[in-house]
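Structure assessment
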Amino acid sequence: PDDVRTFEKGRLELVKLAGGEVGRLSLEPGWRWSEHVKPIAGTEWCEAPHIQYHVSGVLRVKLIDGTEFDCTPGQLSSLPAGHASAASRLSR
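In this report, we go over the structure that sits alongside the text. (Residues numbered from 1 in each chain as written. Predicted model: local features only at pLDDT ≥ 70, side-chain atom pairs only at ≥ 80, totals over all residues. Heavy atoms only, no water.)

1. Digging into the pattern of salt bridges
Stated precisely, the cut-off is as follows: Criterion for a salt bridge: a side-chain nitrogen of Lys or Arg within 4 Å of a carboxyl oxygen of Asp or Glu. For every residue, the accessible area (1.4 Å probe, protein chains only) is compared with the maximum for its type, and the residue is labelled buried under 20%, exposed over 50%, or partly exposed between those bounds.
Applying the stated criterion to the full structure yields seven salt bridges. Residue Arg5 pairs with Asp3 through a salt bridge whose shortest N-O separation is 3.0 Å. The partly exposed category is assigned to Asp3, whose relative accessible area is 24%. Between Arg32 and Glu35 there is a salt bridge; the shortest N-O distance is 3.6 Å. Residue Glu35 is classed as partly exposed on the basis of its relative accessible area of 49%. Each of Arg11, Glu13 and Arg24 takes part in salt bridges that share partners, so that together they form one network.

2. A word on the sheet that holds strand E1 (residues 3-7)
To summarise the sheet geometry, strands pair through backbone hydrogen bonds and adopt either a parallel or an antiparallel arrangement. As a reminder, the rule being used: Should DSSP find at least two bridges between two strands, the strands are taken to pair. To qualify as a helix, a DSSP run of H or I must reach at least 4 residues; to qualify as a strand, a run of E must reach at least 2; elements of each kind are numbered from the N terminus. All axes are obtained by fitting lines to C-alpha atoms, using only the stretch in contact for helices, and the reported angles, taken between N-to-C directions, cover 0 to 180 degrees.
The antiparallel open sheet is built from three strands, whose spatial order is E1-E2-E3. The two strands at the open ends of the sheet, each matched to only one other strand, are E1 and strand E3 (20-27). Neighbour-to-neighbour, the strand axes of the sheet open up by a mean angle of 15 degrees, direction not taken into account. Bridge count for E1 against strand E2 (residues 10-17) is five bridges, and the pairing is antiparallel. Paired with Asp3 across the two strands is Leu14, which belongs to E2.

3. What to know about the environment of Gln75
Tracing the chain through its elements places Gln75 in the loop between strand E6 (68-71) and strand E7 (76-79). In sequence terms Gln75 and Tyr53 are 22 residues apart; their C-alpha atoms lie 5.9 Å from each other.

4. Quick notes on the side chain of Glu13
Condition: Pairs of N or O atoms within 3.5 Å make up the polar contacts considered here, provided that, within protein, one atom can donate a hydrogen while the other can accept it, and that residues adjacent in sequence are counted only when both atoms are side-chain atoms. Any two residues whose heavy atoms approach within 4.5 Å at even a single point are treated as in contact.
Note on placement: Glu13 falls in strand E2. A polar contact is formed between the side chain of Glu13 and the side chain of Arg24, at a distance of 2.8 Å. When neighbours within four sequence positions are excluded, Glu13 is seen to be in contact with Pro1, Asp3, Val4, Val22, Gly23 and Arg24.

5. Some words on the pairing of E3
For E2 and E3, the ladder comprises eight bridges, and the chain directions are antiparallel. Within E3, the position partnered with Leu12 by the bridge is Leu25. Where E2 folds back onto E3 in an antiparallel hairpin, the turn is made up of two residues, including Gly19, whose phi is positive at roughly 85 degrees.

Here it is, written out as structure tokens:
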């Protein structure tokens, strides 16, 4: 990776490509955006949109409009700005 960011219960590895970045996010059970990243980001919700492929575990996502859903292995998800997540099992 070109950049590695670690935080409590998580690790993000980024590779820079022309026009963007691709990352691998590994999360431990119990990770919550609101507890482990929100204090770093300084925003109420994650404001960065993501397209992600889920390799393992379950990621619970809540959108600013109140919509909630689980992302599970083998799924591709697109998260808009204004979301928060929690890892209930392993990583994404």
